[in-house]
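Listed here are the chains, written in short residue letters.
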Amino acid sequence: MWKIQKGYNYTSKTFRLPDEQIEKLDKLAYENNLSLNQLVIQCLNFALDNLDTESEQEQTSSEE
C-alpha cells in the first residue's frame with residue numbers, strides 16, 4: 001500500500017500537467033498537509049517502482 005512520506009533533497013525542473021490532474025493533486029496534497037511538489041515526487045516514485053518493464057521488453061522483442 002502507498003504511504004505518503006515527507007522530506008527530500010531537490011533539483012528544480014519544469015513540467016506541464018493537465019489542469020484536471022493539478023486540481024486532484026492539489027486537493028490530495030492539501031488533505032495530507034503536503035506540498036504539491038512532495039506529493040508529485042511520491043506519485044512518481046510509486047509509478048517508477050511499479051513500472052512493468054517486463055511487458056515493455058516483451059513488446060519490443062516481438063516488434064523486431
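Residues numbered from 1 in each chain as written. Predicted model: local features only at pLDDT ≥ 70, side-chain atom pairs only at ≥ 80, totals over all residues. Heavy atoms only, no water.

What to know about the environment of Leu36
Line of reasoning, step 1. Following the sequence through the fold, Leu36 ends up in helix H2 (residues 36-49).
Line of reasoning, step 2. Its relative accessible area of 29% is what places Leu36 among the partly exposed residues.
Line of reasoning, step 3. With 11 residues separating them in the primary sequence, Leu36 and Leu25 have C-alpha atoms 6.7 Å apart.
Line of reasoning, step 4. If we skip the residues at most four places from it in the chain, Leu36 touches Leu25, Asp26 and Ala29. (Helix = DSSP H or I, 4+ residues; strand = E, 2+ residues; numbered from the N terminus. Buried < 20%, exposed > 50% of the residue type's maximum accessible area, 1.4 Å probe, protein only. Contact = heavy atoms within 4.5 Å.)

Things to note about a nonpolar patch on the surface
Line of reasoning, step 1. Taken together, Trp2, Ile4 and Phe46 make up a surface patch of nonpolar side chains, about 260 Å² in accessible area.
Line of reasoning, step 2. Here Trp2 lies in the segment before helix H1 (19-31).
Line of reasoning, step 3. Here Trp2 falls in the partly exposed class, since its relative accessible area comes to 33%. (Patch = residues over 30% accessible without salt bridge, like charges linked within 9 Å, V, L, I, M, F, W, Y side chains within 5 Å. Areas by Shrake-Rupley, 256 points an atom, 1.4 Å probe, with all protein chains shown as cover. Salt bridge = Lys/Arg side-chain N within 4 Å of Asp/Glu carboxyl O.)

Considering the pattern of salt bridges
Line of reasoning, step 1. The full count for this structure, using the stated rule, is 1 salt bridge.
Line of reasoning, step 2. Note that Lys27 is salt-bridged to Glu31, the shortest N-O span being 3.9 Å. Here Lys27 and its partner Glu31 are both found in helix H1, 4 residues apart, which amounts to about one turn of the helix. The residues Lys27 and Glu31 share a single accessibility class, namely exposed.

Structural notes on H2
Line of reasoning, step 1. Look at H2: 20 Å from first C-alpha to last across 14 residues, which is about the 20 Å you get at 1.5 Å a residue.
Line of reasoning, step 2. Looking at H2, one finds that the buried residues are Gln38, Leu39 and Gln42. Viewed end-on, H2 has its buried residues packed into an arc of 100°, placing them on one side of the element.
Line of reasoning, step 3. In this structure, the buried side of H2 is in contact with H1. (Expected span 1.5 Å × (residues − 1). Arc of directions from axis to C-beta.)

Section: the layout of surface pockets
Line of reasoning, step 1. By volume, the largest pocket amounts to about 510 Å³.
Line of reasoning, step 2. In this structure, the largest pocket is lined by 17 residues; those nearest its centre are Phe15, Asn37, Val40, Ile41 and Leu44.
Line of reasoning, step 3. Those elements that provide at least two residues to the lining of the largest pocket are H1 and H2. (1 Å grid on protein atoms, 1.4 Å probe; cavity = no way out; pocket = protein on both sides within 12 Å on 5 of 7 lines; lining within 4 Å. Points joined across faces, edges and corners; volume = space filled by probe spheres on them.)

Quick notes on the confidence of the model for the protein
Line of reasoning, step 1. With 78% of its residues at a pLDDT of 70 or more, the protein shows a mean pLDDT of 85.
Line of reasoning, step 2. Confidence scores differ between elements of the protein, with helix H3 (residues 53-63) showing the lowest mean pLDDT of 67 and H1 the highest of 97. (pLDDT = per-residue confidence, 0-100.)

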